[in-house]
Amino acid sequence: MGIRILKGGLLTTVQDLGRSGYQSQGFGVAGVMDVRSFKIANLLLDNPENEAVLEFTLIGPTLQFTSATIVAITGGDFQPTINGEPAPMYTALYMNKGDILKFGSARTGSRGYIAFSSYLDIPVVMGSRCTNLKSRIGGFKGRKLMADDYIGFRIKRRYLPFFLSRMLDINEFDQESATLRVVMGPQDDMFSPQGIETFLNSEYTVTSDFDRMGCRLDGPFIAPKTTSDIISEGIALGSIQVPSHGKPIILLADRQTTGGYAKIATVATVDIPKLVQRKTDHKIRFRAISVQEAQELYREEEKEYAAMRNIIHQPCKEVLECRLVAKRLRTLFEDQ
């Protein structure tokens, strides 16, 4: 009862929200790159918010189901098919035993997600099921998925109420530029006024040096006052380091636990999904906001998730129409 990996894709791993509380011991947080797509995938299936999913990058996997379950696909458009027929995204999909779910290359975005109603049977390591590729712990044997791997399910869960209404009209990644809102600091005072102006008023380009650890950007030189070297300290998700070459590096899920370069700003949590769904040569701009504005954006996104949950828990129009027709038929039959 589970899934067999026929093709692993370019980089497919088991991920959740990450392994918190161990950075002081040298273990990175890891976890999903696009938290928004991850949460929506689980939301569509009424899964626990932190239930593990499969995350894949640029080229998706091919899976065969050895038992029936329900899945939801979110993130970039990897042109999914079920037994050769196009499959919708952001929709609850019933998979039968023997079905083959295949993904191609990313048409939009760069990362995709699959959630499972039956829950992946992956052991919890230090409070998480996520894969830490650098430490080789968690997930499936601490590595990416490859052909002939098999992952079982933890439970039998093949029914969800309001099944036909479990769909959302979302397409967020079909663009080649993005503006990231950032909170300045903690070492923005190490950069000259001209350096700050350059950072906030220039366009930067995503380079090919872009993986789960971070994203290196190319663009105008960000000038420090003297040096951008600091004593190594802890690094938060979305920290923007500026080494001596003056080009920003945004640190992501598999970032190192400490770093010795000045951090000019930190990307607001709600905008990190915009970044991680970019491709090489896509354009990035930065806009400064306050901590309070970043917190308000986070609260607004939580309200959006609640609204999505309400949508998928409402009987869809087709179901209501079918019930109305059935009621009328019953009435007609009783009258006769």
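Just so it is clear, the structure is predicted and the values come from calculations on it, not from any experiment.

(A) Quick peek at the sheet that holds strand S5 (residues 69-77). The strand order S2-S3-S10-S5-S8 describes an open sheet built from five strands, whose pairing is antiparallel. Edge positions in the sheet fall to strand S2 (12-15) and strand S8 (92-95), since each of these pairs with one other strand and no more. Averaged over all neighbouring strand pairs, the angle between strand axes comes to 30°, with direction disregarded. Alignment of S5 against strand S10 (residues 108-116), held across six bridges, turns out to be antiparallel. Within S10, the position partnered with isoleucine 73 by the bridge is isoleucine 114. Most of the contacts of helix H1 (residues 35-44) go to S5, to which it runs at about 155°, and overall it touches S2, strand S3 (53-57), S5 and S10.

(B) Representation of the UniProt feature "domain: Carboxyltransferase" (unreviewed entry) in the protein chain within the structure. The sites that carry the UniProt feature "domain: Carboxyltransferase" (unreviewed entry) are, in the present numbering, residues 24-304. As annotated, residues 24-304 has a helix share of 14% and a strand share of 32%, and its two end C-alpha atoms lie 34 Å apart.

(C) Summary view of the sheet that holds strand S16 (residues 239-241). Read around the closed barrel, the seven strands follow the order S12-S19-S16-S17-S14-S13-S20; overall the barrel is mixed. Sheet twist, expressed as the average angle between the axes of neighbouring strands with direction ignored, equals 40°. As judged from the two bridges shared by strand S13 (residues 204-210) and strand S20 (residues 283-289), these two strands associate in the antiparallel manner. Opposite threonine 205, over in S20, you have lysine 283 as the bridge partner. Sitting on the sheet, helix H2 (residues 193-201) touches strand S12 (177-184), S13, S16, strand S19 (263-267) and S20, and the angle it makes with S20 is about 120°. The sheet contacts of helix H4 (residues 291-312) involve S12 and S20, and relative to S20 the element is tilted by about 115°.

(D) Main features of unusual backbone geometry. With an omega of 15°, the peptide bond running from glycine 185 to proline 186 counts as cis. By the secondary structure assignment, proline 186 is in the loop between S12 and H2. Not every positive phi belongs to a glycine, and asparagine 83 is a case in point at roughly 55°. Residue position: asparagine 83 is located in the loop between strand S6 (81-82) and strand S7 (85-86). Given a relative accessible area of 46%, asparagine 83 falls into the partly exposed group.

(E) Just the layout of surface pockets, in detail. Computed from the structure, the largest pocket encloses a volume of approximately 310 Å³. As for the largest pocket, its lining consists of 19 residues, of which Leu17, Val35, Lys39, Leu237 and Thr269 are closest to the centre. Elements that contribute at least two residues to the lining of the largest pocket include exactly H1, helix H3 (272-276) and H4. It is H4 that contributes the most residues to the lining of the largest pocket, four residues altogether. Across the lining of the largest pocket, the residue classes tally to 13 nonpolar, one polar and five charged.

(F) Just the side chain of aspartate 99, in detail. Within the secondary structure, aspartate 99 is located in the loop between S8 and strand S9 (100-102). No salt bridge is formed by the buried aspartate 99; the nearest opposite charge belongs to lysine 97, separated by 12 Å. In this structure the side chain of aspartate 99 is engaged in a polar contact, spanning 2.9 Å, whose partner is the side chain of asparagine 83. In contact with aspartate 99, other than residues within four places in its own chain, are Leu63, Gln64, Phe65, Ile82, Asn83 and Tyr94.

(G) Broad picture of the environment of glutamine 314. Looking at where glutamine 314 falls in the secondary structure, it is placed in the loop between H4 and helix H5 (317-335). When the C-alpha positions of glutamine 314 and glutamate 49 are compared, they lie 20 Å apart, and in sequence the two are 265 residues distant. The contacts of glutamine 314, once residues within four sequence positions are left out, are Phe162 and Ser165.

(H) Structural context of the packing of aromatic side chains. The full count for this structure, using the stated rule, is six aromatic pairs. With a centroid separation of 4.8 Å and an interplanar angle of 80°, the aromatic rings of phenylalanine 56 and phenylalanine 78 are classed as edge-to-face. Pair noted here: phenylalanine 56 is in strand S3 and phenylalanine 78 is in the loop between S5 and S6, with a separation of 22 residues, a long-range link. Centre to centre, the rings of phenylalanine 116 and phenylalanine 153 are 6.0 Å apart; their planes meet at 45°, and the pair counts as tilted.

About the criteria used
Residues numbered from 1 in each chain as written. Predicted model: local features only at pLDDT ≥ 70, side-chain atom pairs only at ≥ 80, totals over all residues. Heavy atoms only, no water. Pairing = 2+ DSSP bridges. Helix = DSSP H or I, 4+ residues; strand = E, 2+ residues; numbered from the N terminus. Axes fitted to C-alpha atoms, helices over the stretch in contact; angles between N-to-C directions. Contact = heavy atoms within 4.5 Å. UniProt positions renumbered as here; feature names shortened; annotations may be inferred. Buried < 20%, exposed > 50% of the residue type's maximum accessible area, 1.4 Å probe, protein only. 1 Å grid on protein atoms, 1.4 Å probe; cavity = no way out; pocket = protein on both sides within 12 Å on 5 of 7 lines; lining within 4 Å. Points joined across faces, edges and corners; volume = space filled by probe spheres on them. Nonpolar A, V, L, I, M, F, W, Y, C, P; charged D, E, K, R; others polar. Lys, Arg positive; Asp, Glu negative; His and termini not counted. Salt bridge = Lys/Arg side-chain N within 4 Å of Asp/Glu carboxyl O. Polar contact = N/O pair within 3.5 Å; in protein donor to acceptor, adjacent residues only side chain to side chain. Phe/Tyr/Trp six-rings, centres within 6.5 Å; stacked < 30°, edge-to-face > 60°.

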